[in-house]
Amino acid sequence: MFGRIFHLLVKEFLQMKRDKSARFRLLVPPVIQMLLFGYAATFEVFNVSTAILDLDRSQESRALTDAFVHSSRFRIAVPAASERDVRDAVERSDVQVGIVIPAGFAELLKKGRTSPVQALVDGTNSNTALIALGYVGQIAGSFGQDYARNLAERTGRALGRPMVSVGLEERYWYNPNLNSRWFFVPGVIGTLALITIVNLTAFAIVREREVGTLEQILVTPLRPVEFIIGKTLPFFLIGLLEVSIVAGFGMAWFHVPFRGNPLVLLLGTCLFLLAALAIGLLISTVCTTQQQAFSSNFFVLNPMFILSGFSFPIPSMPQALQWLTYADPLRYYLVIIRATFLKGVGLDALWPQMLALAAIALGLLTVAVLRFRKSLD
Amino acid sequence: MAGAIVEATGLSKRFGAVMAVDGLSFAVQPGEIFGLVGPDGAGKTTTMRMLAGVMRSDDGSITVDGIDVRAHPEQAKRHVSYMPQRFGLYEDLTVEENIRFYADLFEVPRRLWEERAAAMLTASNMTPFRKRLAGQLSGGMKQKLGLTCSLVHTPRVLLLDEPTTGVDPLSRREFWQILYSLRGEGVAMVISTAYLDEAERCDRLALLHDGRMVHCDTPAGLKAKMPGAMIEVAAAEPRRVRDAVQKLPGVAGVLLIGIGAHIHVDDAGRRLPEIAAALSAAGIATTEIGEVAPSIEDLFVALLENERNAA
């Protein structure tokens, strides 16, 4: 048995050695994707294109305009001369935010009264809109506070409200600067490993089926289970290699800290890769051509990605979808990889995820092997 | 049957509502070439795959050298080799690497397979291509390499499913030479073929139709079973010949061939003048007309027609 698996392995590695483009495909795209994700995937909002209309033309309104201009959050994209200009700019998507300082702005401030400022926000991308609006509020709020304090001092507290405020001391654990790269880089490692391994496994087995070599080697004494082991073991090793390379690259390039025990991550990675191999094997049992495998992979991998909590928070999903996420191995692996990278916790905290991954891997592998045997008939 | 190496009894396989193979029984002796012939969908490939142990039969039993294939497929596989229409070669491996891989899976010792592969490559004029990738071989060479791969463990039973379809005539001849020399070594062969000249080379033939065996005999024995006789008409327009004669009394069927038509009649002496008269009445020019010995193709068309009329 081991002899036959070994001979199959020798053949697999011989084919891999011969396929120069495969080596390129395995190493270069993951690193490029890691770079892309590292730079592009961020929750922070900078340089929101903005139009500011100052109808008051006072010293105060100019000071507020400057506060917007000098923050890195907003970029004045369109000069506006009328409210119509602002509306048009938002409609044409030239700007995402339009700020209108109405006439009489300074007048109200000088009397120590609340002075309204209008903000028009393009809500198409609700997330960016919400965050941008938050920045508008922050900048306007701190401008107001400064002005009130100033006014109170100048007028001997005759005008301007006495300031009472609750001081909130914020401490962000594990990622003190709320660097969203730290959050995304470990997630990218897991997602890339999943995509690579499911694709490699499904394509490799479907290719043997398509070319006729699968049937040919099953008339030899090679057993179906031996075929599965010999065929998937190389991809398991490739998966480990890829996780190491992409993780190492993410740490070296983006300085994401690794605080946990590498062995804990290794255990989680092994369980996760087994689940990914089983998914690839399952897909290969329902497809007879590589083209079918391609579209099946897409339909399986995309929902797994969305339900994993990679970027969309699971607690915000509808209840039914939240239940569905429990079947997603990526969900557990993301917890494991983020926790080992950023929190540095060990098995005492991660055992539920490990157990869930082991159960999913075992279940999927059993179904995959049974289905594979049946698909030979 | 005494001394048989392959024995199939009551073999059946159902795909949904269709009986692909229905109660098939036969036995093959060592050193015998046993042909499976029949139209597409007759159950030839399904039978082959069950014999090879890659598909489980729903019913019936198969033994190879006394080993029950259903119960011990892995043991039986050591004695069997299966060569489908398109042998599954690894196109990104060389000729030698392909042979080596199959030899390894059968756990043939290195010295043994190297010796054997060298002899077979020489016999099939493939030695100069040992280091070539299998994907860069011609269709005929691929099949010869497939045969080498499937023989490298010296099987006692060779299953060939339309092995020469799409292979050039020269390679086909070399291919059959190898089969004959295997027969001399006592290898039993089950072969399905779409080429009826190849069917004629088999020791015995089984005619399959809708999964059942209609006839099983030597080619000569089968020909003796054909009722009536065959008249060959050589003519430029075979279709007009068919239209003119197929409604005549005593004509069972007309088969178009390259040079004209074969007309299956009940009595050659009586029908020959009638057919000649009908053709000249229809104004069809013929270059030759006369009785011929039926070919295997005539035989099967006639036997299947009988079968259909009986049904």
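Analysis parameters
- Residues numbered from 1 in each chain as written.
- Chains lettered and ligands numbered in written order.
- Predicted model: local features only at pLDDT ≥ 70, side-chain atom pairs only at ≥ 80, totals over all residues.
- Heavy atoms only, no water.
- Domains from an automatic or database assignment.
- Helix = DSSP H or I, 4+ residues; strand = E, 2+ residues; numbered from the N terminus.
- Buried < 20%, exposed > 50% of the residue type's maximum accessible area, 1.4 Å probe, protein only.
- Contact = heavy atoms within 4.5 Å.
- Pairing = 2+ DSSP bridges.
- Axes fitted to C-alpha atoms, helices over the stretch in contact; angles between N-to-C directions.
- Patch = residues over 30% accessible without salt bridge, like charges linked within 9 Å, V, L, I, M, F, W, Y side chains within 5 Å.
- Areas by Shrake-Rupley, 256 points an atom, 1.4 Å probe, with all protein chains shown as cover.
- Salt bridge = Lys/Arg side-chain N within 4 Å of Asp/Glu carboxyl O.
- Polar contact = N/O pair within 3.5 Å; in protein donor to acceptor, adjacent residues only side chain to side chain.

Visitor: Which residues make up the domain arrangement of chain A, and what are the values?
Guide: Interfaces are often sized by the accessible area lost when the parts come together. Domain parsing of chain A yields domain 1 (2-41 + 179-375) and domain 2 (48-154). Taking only C-alpha atoms into account, the centre of domain 1 of chain A sits 48 Å from that of domain 2 of chain A.

Visitor: Can you explain unusual backbone geometry? Please cite residues and give values.
Guide: Despite not being glycine, Ser-93 of chain A has its phi angle at roughly 65°, a positive value. Looking at where Ser-93 of chain A falls in the secondary structure, it is placed in the loop between α4 (83-91) and β3 (97-101). When its relative accessible area of 54% is taken as the criterion, Ser-93 of chain A is described as exposed. Of note in this structure, Glu-107 of chain B is not a glycine but carries a positive phi near 55°.

Visitor: Outline the environment of Cys-287 of chain A, listing residues and values.
Guide: All names here are of chain A. Relative to the helices and strands, Cys-287 resides in the loop between α10 (262-286) and α11 (290-306). As for Cys-287 and Ala-140, which are separated by 147 residues in sequence, their C-alpha atoms are 59 Å apart. Beyond its immediate sequence surroundings of up to four residues, Cys-287 is in contact with Val-206, Arg-209, Gln-292, Ala-293 and Ser-296.

Visitor: Report on helix α1 (residues 44-52) of chain B, specifying residues and quantitative values.
Guide: Residue and element names in this part refer to chain B. Counted residue by residue, α1 has eight buried out of nine residues, so it is predominantly covered. Here α1 has its buried residues at Lys-44, Thr-46, Thr-47, Met-48, Arg-49, Met-50, Leu-51 and Ala-52. Directly after α1, the chain includes Gly-53, whose backbone phi takes a positive value near 85°.

Visitor: Lay out the sheet that holds strand β5 (residues 67-68) of chain B in plain terms, naming residues and giving numbers.
Guide: Residues and elements named next belong to chain B. Reading across the sheet, the four strands line up as β2-β1-β4-β5 and stay open at both edges, with antiparallel pairing between neighbours. Looking at the sheet topology across the chains shown, the edges are occupied by β2 (18-28) and β5. Pairing of strand β4 (residues 59-64) with β5 involves two bridges; the strand directions are antiparallel. Paired with Val-64 across the two strands is Ile-67, which belongs to β5.

Visitor: Go over the sheet that holds strand β12 (residues 251-257) of chain B with me, naming the residues and quoting the values.
Guide: Residues and elements named next belong to chain B. Taken in spatial order, the four strands line up as β12-β13-β11-β14 in an open sheet, and their pairing is antiparallel. The sheet is open, and its two edges are formed by β12 and β14 (286-292), each paired on a single side. Here the strands of the sheet are splayed against their neighbours by 20° on average, with no regard to which way each runs. As defined by bridge partners, strand β11 (residues 229-235) adjoins strand β13 (residues 260-265) across six bridges and the pair is classed as antiparallel. Its bridge partner lying in β13, Glu-232 is registered against His-262. Along the sheet, helix α10 (residues 268-281) contacts β11, β12, β13 and β14; its crossing angle with β14, the most-contacted strand, is approximately 165°.

Visitor: Report on a nonpolar patch on the surface, specifying residues and quantitative values.
Guide: Residues and elements named next belong to chain A. There is a patch of nonpolar side chains on the surface, built from Met-1, Phe-2, Phe-13, Val-225, Ile-229, Leu-233 and Leu-237 and spanning about 630 Å² of accessible area. Secondary-structure elements contributing two or more residues to the nonpolar patch are α1 (2-18) and α9 (224-254). Among the elements that make up the nonpolar patch, the one with the highest residue count is α9 (four residues). Structurally, Ile-229 can be placed in helix α9. When its relative accessible area of 32% is taken as the criterion, Ile-229 is described as partly exposed.

Visitor: Give me the lowdown on the side chain of His-264 of chain B, citing residues and values where you can.
Guide: Residue and element names in this part refer to chain B. Within the secondary structure layout, His-264 lies in strand β13. Residue His-264 is classed as buried on the basis of its relative accessible area, which comes to 7%. Every residue in contact with His-264, bar those within four places of it in the chain, is listed here: Met-226, Pro-227, Ala-229, Met-230, Gly-250, Val-251, Ala-252, Gly-253, Ala-302 and Glu-305.

Visitor: Describe in detail the environment of Val-301 of chain B, supporting the description with residues and values.
Guide: Within the secondary structure layout, Val-301 of chain B lies in helix α11 (residues 296-310). Residue classification places Val-301 of chain B among the partly exposed residues on the basis of a relative accessible area of 30%.

Visitor: How would you summarise the pairing of strand β1 (residues 6-15) of chain B if you had to cite specific residues and measurements?
Guide: All names here are of chain B. Two elements, β1 and β2, share seven bridges in a ladder whose sense is antiparallel. Across the sheet, the residue bridging to Phe-15 is Val-18, located in β2. With antiparallel pairing between neighbouring strands as the criterion, β1 and β2 make up a hairpin whose turn holds two residues, including Gly-16 at a positive phi of roughly 60°. Two strands pair when backbone bridges link them, and β1 and β4 are joined in this way by five bridges, in the antiparallel orientation. Bridge pairing in β4 links Ser-12 to Asp-59.

Visitor: Describe the environment of Arg-18 of chain A, listing the residues and the values that go with them.
Guide: Among the secondary structure elements, Arg-18 of chain A is positioned in helix α1. Counting along the chain gives 105 residues from Arg-18 of chain A to Gly-123 of chain A, while the straight-line C-alpha distance between them is 52 Å. Setting aside its immediate chain neighbours within four residues, Arg-18 of chain A contacts Asp-92, Leu-93, Thr-94, Glu-97 and Leu-133 of chain B. Within the structure, Arg-18 of chain A has its side chain in polar contact with the backbone oxygen of Asp-92 of chain B (distance 3.1 Å).

Visitor: Outline the domain arrangement of chain B, listing residues and values.
Guide: You can read the domains of chain B as domain 1 (6-222) and domain 2 (227-293). Centre-to-centre separation of domain 1 of chain B and domain 2 of chain B, based on C-alpha positions: 39 Å.

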